[in-house]
Amino acid sequence: MKLARLVALLALLAPLIIAPLPAARASSGQPAHSRAAAAAILDNLSDQEKIAQLFLVTFTGSSLDPAAPIFQILRRYHLGGVVLTRANDNFDDRTDMRAALHALTGLLQRANQDLAVSAAAATPTSEAPQQLPQPLFIAVAHSGLGLRTAELLSGTTALPSPLAIGATWNPENARLAGMATGRELRQLGFNMLLGPNLDVVDSPNPASPGDLGSGVFGGNAFWVGEFGRAYTRGVHAGSGRRMAVIAGTFPGLGSGDRDAALEVPVVSKPLAELQAVDIRSFAAVASLEGNTEGASDGFVTGPALYAGLQGSISRETRPLAIDESALKVLLQFDEFRPWVELGGLLVSLPLNHPGVRRDYLAGQNLLASNVAYTALMAGNDLLQVSVQDEDGLLALPATLDGLVNRYKQGGVFSARVDQAVTRIVELKQELYGKFGAGAAINTQPLEPLVPMDSEMAAIAREAFTLLAPAAADLAQRLPQPPAPGARIVFLTQTQQVRQCSLCRPQRLPAVDALQVAVERAYGPIAKVLSQNLSSFDFGE
């Protein structure tokens, strides 16, 4: 019986065994033998280093103190990566935020390679490639301003929201936004983008807690796929192929019935509808046909339940991201099998996601090795662990040690770890090639920001669509323009946000943004006087 079970598990794993890199990777100038190079690196990693590569963790604060817990963890274990977030106070705009971020990402890479702060990495050559621990993924979820999920509120080009970009019906605009994102994030030291969002909202419902608002490209699966592919192509080009693009939230939350950030949504669509709508946008960025620079490097798996994939939903049904049988069935769809076989990376949802934690992992240590084991065996390669304080981060070694002990026992779990680490190392090889970790360290001064504000403003203007009345009826429907000297009041719906918990509060968009735009555009022509204009928040 045990032998039969082992054979069955191996049969499930077999289709996911690593194959050569896809054309997208070959086209970036990487050698064709990168699979062999990744295998050689794997052979030289200790068991502990292999397990550490599986983890993508958060940490609190933006301290540059080498004694901070995150630097200690990196120097000792050489993790797979870190995620920087606004919620964890990793960004602080009370000083020069770009300079602070550039310094922080550089120190993170140095700590991961166990280099002193003042040490300079040796210059690698083709004869003497850098022999250092693997580069550190430094990830961020970066999207348009005005979204509640926005991470960087300043220091980069102000991007239109994904919905505004989608409203232009022009994928070239998505590529331009991706170009700005890739170039500017690479300058700051990031090498992984958790985005873009490829959810398809075909039936928007602003009153629903699960509504994704302006954080999506739209409600047409084909066009969301086209915009996602163009955006990905732009990020790859803008970063010089030094940015991994990890699209979310696989296989789609557009029809979720509750807030996916806090709860476990249910997507009740039948399989045929899932494939025609939600899954289709992900299939577009998994396609290796045509210009493969638009192919995503990976997907973030989500917390939802899918009736079309998992059958009747019950209390025993697990979120797809930790449902081994359902996730592997999905990855065997024709749309994804080639992408998976050629190295597509799966990044798990945070293992301590509030809804998953409450409903499915109650009573378990959230950093315990069995939780990570479940996510890994389900098919995730890189495991997100969101810690809220230093104690949570310092508890991570116990999880690593537990998984190392499992790995030493061999069998299916050991093979699965090797498979996942090989995928991770191949992607890092794609980003940095034979120069390895040394190329990941910031050795050049921070380049000045050259924002693409004019291009993004043009996209925002193009997004405006006249629905009603018809253009021909405007002259009769609209009142006469304000007379000289008339007072004009502007009402704007804003939200108050902070870049960090101690940072100055700010409103997005600015309360007087429309007023300033009117003064700039019409003041000299229509003699609009500033003293006659007033702006208020809609809530006032």
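Criteria and cut-off values
- Residues numbered from 1 in each chain as written.
- Predicted model: local features only at pLDDT ≥ 70, side-chain atom pairs only at ≥ 80, totals over all residues.
- Heavy atoms only, no water.
- Phe/Tyr/Trp six-rings, centres within 6.5 Å; stacked < 30°, edge-to-face > 60°.
- Helix = DSSP H or I, 4+ residues; strand = E, 2+ residues; numbered from the N terminus.
- Lys NZ or Arg CZ within 6 Å of the ring centre and 35° of its normal.
- Buried < 20%, exposed > 50% of the residue type's maximum accessible area, 1.4 Å probe, protein only.
- Contact = heavy atoms within 4.5 Å.
- Pairing = 2+ DSSP bridges.
- Axes fitted to C-alpha atoms, helices over the stretch in contact; angles between N-to-C directions.
- Right-handed = clockwise from strand over helix to strand, strands pointing away.
- pLDDT = per-residue confidence, 0-100.
- Disulfide = S-S within 2.5 Å.
- Salt bridge = Lys/Arg side-chain N within 4 Å of Asp/Glu carboxyl O.

*Asks:* It is not clear to me how the packing of aromatic side chains should be interpreted in this structure. Could you clarify?
*Replies:* Aromatic ring pairs: the centre-centre distance and the angle between the two ring planes describe each pair. By the definition in use, this model includes 12 aromatic pairs. Plain terms: the ring middles of Phe299 and Trp339 are 4.4 Å apart, the flat faces sit at 25° to each other, and that makes the pair stacked. With Phe299 in strand E7 (residues 298-301) and Trp339 in helix H14 (residues 337-341), the pair connects residues that are 40 residues apart, well separated along the chain. Put simply, the rings of Trp169, Phe217, Phe222, Trp223, Phe227 and Tyr231 pair up and form one aromatic cluster. It is Arg406 that lies over the ring of Tyr373; its NZ or CZ is 4.3 Å from the centre. The ring of Phe137 has Lys428 sitting right over it, with the charged end atom 4.8 Å from the ring centre.

*Asks:* Would you take a moment to explain the environment of Thr58 for this structure?
*Replies:* Structurally, Thr58 is set in the loop between strand E1 (55-57) and helix H5 (69-77). Thr58 gets classed as buried once you look at its relative accessible area, which sits at 3%. The residues contacting Thr58, other than those within four sequence positions of it, are Val83, Thr85, Asn88, Val385, Ser386, Val387 and Leu393.

*Asks:* Can you walk me through the sheet that holds strand E10 (residues 383-385) in this structure?
*Replies:* Neighbouring strands of a sheet are bound in pairs by backbone hydrogen bonds; such pairs are parallel or else antiparallel. Strand order across the open sheet formed by 8 strands is E9-E7-E5-E4-E3-E2-E1-E10, with parallel pairing between neighbours. Each having just a single partner strand, strand E9 (345-347) and E10 make up the two edges of the open sheet. Here the strands of the sheet are splayed against their neighbours by 30° on average, with no regard to which way each runs. When strand E5 (residues 244-250) meets E7, the two strands line up parallel, connected through 3 bridges. Counterpart to Ile246 in the pairing with E7 is Gly298.

*Asks:* Can you help me understand the pairing of E5 in this one?
*Replies:* Residues in a regular strand project their side chains so that they alternate between the two faces of the sheet. Counting buried residues along E5, 7 of its 7 residues qualify, which places the element largely inside the surrounding structure. Pairing analysis gives 4 bridges linking strand E4 (residues 192-197) to E5, with the strands arranged parallel. Residue pairing in the sheet places Leu194 in a bridge with Ile246 of E5. After leaving E4, the chain enters helix H9 (residues 221-238) and then returns to the sheet as E5, a path that is right-handed.

*Asks:* Where do I start with the confidence of the model for the protein chain in this structure?
*Replies:* Where the model shows low pLDDT, its predicted coordinates should not be examined in detail. In this model, the protein chain carries an average pLDDT of 83, and 85% of its residues clear a pLDDT of 70 or more. Here residues 1-32 is a poorly scored stretch, pLDDT under 50, and it has 52 contacts once near neighbours within four places are set aside; other chains count. Note that pLDDT drops below 50 for residues 116-130; the model gives that stretch 19 contacts with residues more than four away or on any other chain.

*Asks:* Got a minute to help me understand the state of the cysteines in this structure?
*Replies:* Between two cysteines, a covalent bond joining their sulfur atoms is known as a disulfide. Enumeration over the complete set of coordinates arrives at 1 disulfide. The disulfide that involves Cys500 links it to Cys503, with 2.0 Å between the sulfurs. One disulfide, between Cys500 and Cys503, carries an S-S torsion of 95° and so falls in the right-handed class. In this structure, Cys500 and Cys503 share a single accessibility class: buried.

*Asks:* What is the right way to read the pattern of salt bridges from this model?
*Replies:* Should the charged atoms of two oppositely charged side chains come close, the side chains can pair. Within this structure, the stated rule accounts for 16 salt bridges. Between Glu430 and Arg241 there is a salt bridge, with the nearest N and O atoms lying 2.0 Å from each other. One end of the pair, Glu430, is in helix H19 (residues 411-432); the other, Arg241, is in the loop between H9 and E5, with 189 residues separating them in the sequence. Residues Glu430 and Arg241 agree in their burial class; the two are buried. Each of Arg241, Glu293, Asp297 and Glu430 takes part in a single network of salt bridges with overlapping partners.

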